[in-house]
Amino acid sequence: MARKLPRKDVVIVGLGWTGSILAYEMAKAGLDVVAIERGPWRDTATDFPPAYAQDELRYAVRLDLFLRPQQDTLTFRNNASQSALPIRSFSGFLPGNGVGGAGVHWNGQTWRFLPTDFKLRSHLEERYGKDALPGDMTIQDWPVSYDELEPYYDRFEKLCGTSGKAGNLKGTVQPGGNPFEGWRSSDYPNPPLKQGLAATLFAEAARKTGHTPFPQPASNMSEAYTNPLGVKLGQCTYCGFCERFGCGNYAKSSPQTCVLPALMRFPNFSAQTDSEVTKINLDSTGKRATGVTYVDTSGVEWEQPADIVLVCAFSLFNVRLMLLSGIGKPYDGATGQGVVGRNYAYQTTSGVSLILKDKILNPFIATGAHGMIIDDYNGDNFDHSGLGFVGGGYMGAGQTGARPISTRPVPEGTPKWGAAWKKATAETYQSAFNLSTHGSSYSYQDCYLDLDPTYKDRLGRPLMRMTFDFHDNELKMSAYLTARLAEIARAMDPVEMKASPRKGPYNVNIYQTTHNTGGTVMGADPANSVVNRYCQSWDVHNVFVPGGASVFPQNHGYNPTDTVGALAYWTADAIKNRYLKNPGPLV
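Counting of residues starts from 1 at the beginning of each chain's written sequence and follows it residue by residue. Residue-level local features of this predicted model are given only where pLDDT is at least 70; pairs of side-chain atoms are given and counted only at 80 or more, and the full residue set underlies all totals for whole chains, interfaces and linings. Derived side-chain values reflect all non-hydrogen atoms in the structure, with water molecules and hydrogen atoms excluded from consideration.

### Brief notes about the sheet that holds strand β4 (residues 74-77)
By this definition, two strands are paired if DSSP reports at least two bridges between them. Helix and strand definitions here come from DSSP, where helices need a minimum of 4 consecutive H or I residues and strands a minimum of 2 consecutive E residues; each element is numbered from the N-terminal end. Taken in spatial order, the 4 strands line up as β5-β4-β21-β20 in an open sheet, and their pairing is mixed. Two strands close off the open sheet at either side, each with one partner strand: β5 (85-86) and β20 (448-456). Pairing geometry for β4 and strand β21 (residues 462-467), over 4 bridges, is parallel. The residue of β21 that forms the bridge with T75 is R465.

Structure below.
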């Protein structure tokens, strides 16, 4: 039987970006808050010191910061006719582990969604007709508009000290920025990062071919910065160890470098690490949460009573906790009925590799998010008439760090080992780089998450089962985007070039991205969503899923973190300004 702890006003499940933002806002409002985190505590000074933080073998290859399958995993299949099998080594995507979550090891690419992304179905049906969308595509409008979310995007970017150049200030297009972005109330808090030669050459080629390149928005500091919480970040050194690494220079935005130093000053906040929440507890009516139950590393079970439960874990585990807790009707992929687990989506990426003649690119000088990008083929920025697909993505030359173990570019036909391979690597390293596309992944009836009927975890609970594959719409989109990118690449006059559009089926053993979305979708109708426009459960009003990517109805052609952060602030304001004054359904 679980040991019962003293009651708290708020219990938070997970202490990554959304958990730390909500914890700060709730503690600042005077509430007694506890966050329960499955992984260990992580500090910049002690866990990511520059003396060993740039250890490629430890962090990028052996994945020291990431979730281990023996802690938790899920099963995977491409479609319902297959038997799902457990993922025994995370490689297709990499869930974080510990305080900071995925916010520790991300690149810092900080994108807003387009205004039309928030009304996706109605916009596409109005422009192309209802018959233009595949019958099994289950995309839907968001219950919140870009205009409503803009102040919260601005707030998150100021928290992070994002570097970039505005393309649309209060409705006026700005030279040098992204001309397709939605309006912004203010410019980025930091100027753009400096660009390397590869990105500069790409930008020149993009202009020659009629496109509009701009610097990628990056939460890597182009200058030293103090954020609104009074936390100081240092200028980036362009060491190239961002993705899969913690930043020892305090130069990449993360919960550790942006929120936790301020949060930990609150005496009414505490964190319980190395403890896994196993369920959200409900009262006898099933309409109100009474707190959570968790298990510590000794296997001891604890009950943490609380008035408000905030579900802030990684997107996939938000979905599983809701399913295990019996909150919301589980989704059935065969019938399309139910909501929890519905509209799982991913991201559709591809690339073009180049080798240039007589160029010294210094690819090791990098950050996780600097580079030159075009947005001409994202969302509905271009006419899809007659193309046979909807959706799109950004593309360009990002330089995230050519680290020595994983970066071994060689010309076609080079032996895969031996002296000739070593010689080709040395000759090619400085003149090779990759261009990439970052495309949308729309939702479908047969792509979903549910509880596996066969496999269980170390605590005897069903693993979550993922059923997903790329659809023709996404593969056609990837082929189109990759062909446009190859046209720009040819204008760079490469001596060798290879275009690699995304091909199916989806392979969970090949890394593509960690952008998993959907499953606890937000919406305006309880029939097709788990939470309302304030990320509040339709079924249990004191349970919120505040802004994790699990609330996305589909995934758009951008990285999710900026929207995740904006929704966290949006939800925090709804709780502080409305829910606390009159607890109950906000819609």
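Structure's up, so let's keep going.
### Focus: the UniProt feature "domain: Glucose-methanol-choline oxidoreductase C-terminal" (unreviewed entry) in the protein
UniProt positions are given in the numbering used here, feature names are shortened, and annotations may be inferred rather than shown by experiment. Residues annotated by UniProt as "domain: Glucose-methanol-choline oxidoreductase C-terminal" (unreviewed entry) correspond here to residues 445-568. For residues 445-568, the end-to-end C-alpha separation is 27 Å, with 22% helix and 20% strand making up the annotated structure.

### Looking at helix α5 (residues 120-128)
Because an α-helix packs 3.6 residues into every turn, residues spaced three or four apart end up facing the same way. Here the term buried applies to any residue with accessible area under 20% of the maximum for its type, exposed to any over 50%, and partly exposed to those in between, with areas from a 1.4 Å probe on protein chains only. Buried within α5 are the following residues: L120, H123, L124 and Y128. For α5, the buried positions fall inside an angular range of 95° around the axis, keeping them on one side. Immediately downstream of α5, the backbone of G129 shows phi near 95°, a positive value. Working definition: the arc comes from the directions between the helix axis and the C-beta atoms, pointing outward to the latter.

### Describing the environment of T335
Mapped onto the elements, T335 comes out in the loop between α10 (315-325) and β15 (342-345). Counting along the chain gives 111 residues from T335 to D446, while the straight-line C-alpha distance between them is 9.6 Å. Distance and chemistry together define a polar contact, namely a pair of N or O atoms within 3.5 Å, with one atom able to donate a hydrogen and the other to accept it when in protein, and with adjacent residues in sequence counting only for side-chain atoms on both sides. A polar contact is formed between the side chain of T335 and the backbone nitrogen of Q337, at a distance of 3.1 Å.

### A closer look at the pattern of salt bridges
By definition, a salt bridge exists where a carboxyl oxygen of Asp or Glu is found within 4 Å of a side-chain nitrogen of Lys or Arg. In this structure the tally under the stated criterion is 28 salt bridges. Close ionic contact of D573 with R155 constitutes a salt bridge, the shortest N to O distance being 3.4 Å. Placement of D573 in helix α13 (residues 561-579) and of R155 in helix α6 (residues 146-160) is noted, with a sequence separation of 418 residues between them. Judged by relative accessible area, R155 falls into the partly exposed class, the value being 28%. Ionic pairing is found between R184 and E181, a salt bridge with its closest N-O pair at 3.4 Å.

### Re the sheet that holds strand β18 (residues 393-398)
Neighbouring strands of a sheet are bound in pairs by backbone hydrogen bonds; such pairs are parallel or else antiparallel. On the basis of which strands lie adjacent, the open sheet formed by 6 strands has the order β8-β17-β18-β19-β16-β22 and antiparallel pairing. This sheet does not close on itself; its edge strands, each paired only once, are β8 (214-215) and β22 (496-500). Looking at chain direction, β8 and strand β17 (residues 371-374) are connected through 2 bridges and run antiparallel. Along β17, the bridge assignment pairs F214 with I373.

### So, unusual backbone geometry
Leaving glycine aside, a negative phi is the common case for residues, and trans is the common case for peptide bonds. Cis peptide bonds are those with omega within 30 degrees of zero, and the linkage from G504 to P505 qualifies with -10°. Counting through the fold element by element, P505 comes out in the loop between β22 and β23 (517-519). The phi dihedral of R244 falls on the positive side, at around 85°, and the residue is not glycine. Summarising the element assignment, R244 is placed in the loop between β10 (232-233) and α8 (255-258).

### Some details on the packing of aromatic side chains
Paired rings are identified among Phe, Tyr and Trp, the last through its six-membered ring, by centres lying within 6.5 Å, and are further divided according to the angle between planes into stacked (under 30 degrees), edge-to-face (over 60) and tilted (the rest). Inspection of the entire model under this criterion finds 36 aromatic pairs. Where F382 meets F389, the ring centres are 6.4 Å apart and the plane angle is 50°; that geometry is what we call tilted. Relative to Y480, the ring of F382 lies with its centre 5.7 Å away and its plane at 5°, an arrangement referred to as stacked. Here F382 is found in the loop between β17 and β18, whereas its partner Y480 is found in helix α12 (residues 472-490), with 98 residues between them in sequence. Residue F382 is classed as buried on the basis of its relative accessible area, which comes to 8%. Three or more aromatic residues link up through ring pairs in this structure, and these residues are W111, F113, F118, W142, Y146, Y153, W183, F214, Y394, F552 and Y558. Lysine NZ or arginine CZ positioned within 6 Å of the ring centre and within 35 degrees of the ring normal marks a charge as sitting over the ring. Its end group placed over the ring of Y188, R184 keeps NZ or CZ at 3.8 Å from the ring centre. Taking the ring centre of Y511 as reference, the NZ or CZ of R244 above it sits at 4.9 Å.

### Here we look at the nonpolar core
Inside soluble globular proteins, nonpolar side chains tend to come together where they are buried. In this text, buried Ala, Val, Leu, Ile, Met, Phe, Trp, Tyr and Cys residues form a nonpolar core when linked through side-chain atoms within 4.5 Å. One finds F93, I280 and L310 to be the most contacted residues of the largest nonpolar core, which totals 127 residues. Sort the elements by how many residues they give to this core and α13 lands first, with 10 residues. A199, A206, L356 and L361 belong to the second-largest nonpolar core, a separate cluster that totals 27 residues.

### Comments concerning the side chain of R403
Inspection of the secondary structure assignment puts R403 in the loop between β18 and α11 (419-428). Within the buried core, R403 has no salt-bridge partner, and the shortest N-O distance to an opposite charge, that of E56, equals 4.3 Å. A distance of 3.0 Å separates a polar atom in the side chain of R403 from the backbone oxygen of G240. By the convention used here, residues are in contact when the closest approach between their heavy atoms is within 4.5 Å. For R403, the residues in contact, after removing those within four places along its chain, are E56, A60, G240, F241, E243 and F245. Counted as positive: Lys and Arg. Counted as negative: Asp and Glu. His and the chain ends are not counted at all.

### As for α13
Expected span, for any helix, means 1.5 Å times one less than how many residues it has. The first and last C-alpha atoms of α13 sit 25 Å apart over 19 residues, in line with the 27 Å expected at 1.5 Å per residue. The buried count for α13 comes to 16 of 19 residues, which makes it a mostly enclosed element.

### Brief notes about the side chain of T561
In this structure, T561 sits in helix α13. Looking at T561, the relative accessible area reads 15%, which means it is buried.

### Looking at the pairing of strand β12 (residues 276-282)
Among the 7 residues in β12, 5 count as buried, and that is most of the element. Alignment of β12 against strand β13 (residues 289-295), held across 6 bridges, turns out to be antiparallel. Residue pairing for β13: V277 is matched across the bridge by Y294. Following β12, the chain reverses through 6 residues before pairing antiparallel with β13; G286 in that reversal takes a positive phi of roughly 75°.

### Here's the deal with a nonpolar patch on the surface
The patches reported here contain residues having more than 30% relative accessible area and no salt bridge. Joining distances are 9 Å for like charges and 5 Å for nonpolar side chains (Val, Leu, Ile, Met, Phe, Trp, Tyr). We get accessible surface area from the Shrake-Rupley algorithm with a probe of 1.4 Å; when it comes to residues, only the shown protein chains can shield them. Together, L57, V61 and I405 line one region of the surface with nonpolar side chains, adding up to about 230 Å² of accessible area. Here I405 shows up in the loop between β18 and α11. For I405, a relative accessible area of 46% translates into the label partly exposed.

### Description of the pairing of strand β14 (residues 301-311)
Of the pairings in the sheet, the one linking strand β1 (residues 3-4) to β14 comprises 2 bridges and is parallel in character. Each residue of the ladder has a partner; that of K4, found in β14, is E303. Two strands pair when backbone bridges link them, and β13 and β14 are joined in this way by 5 bridges, in the antiparallel orientation. Looking at β14, one finds that Y294 is bridged to W302.

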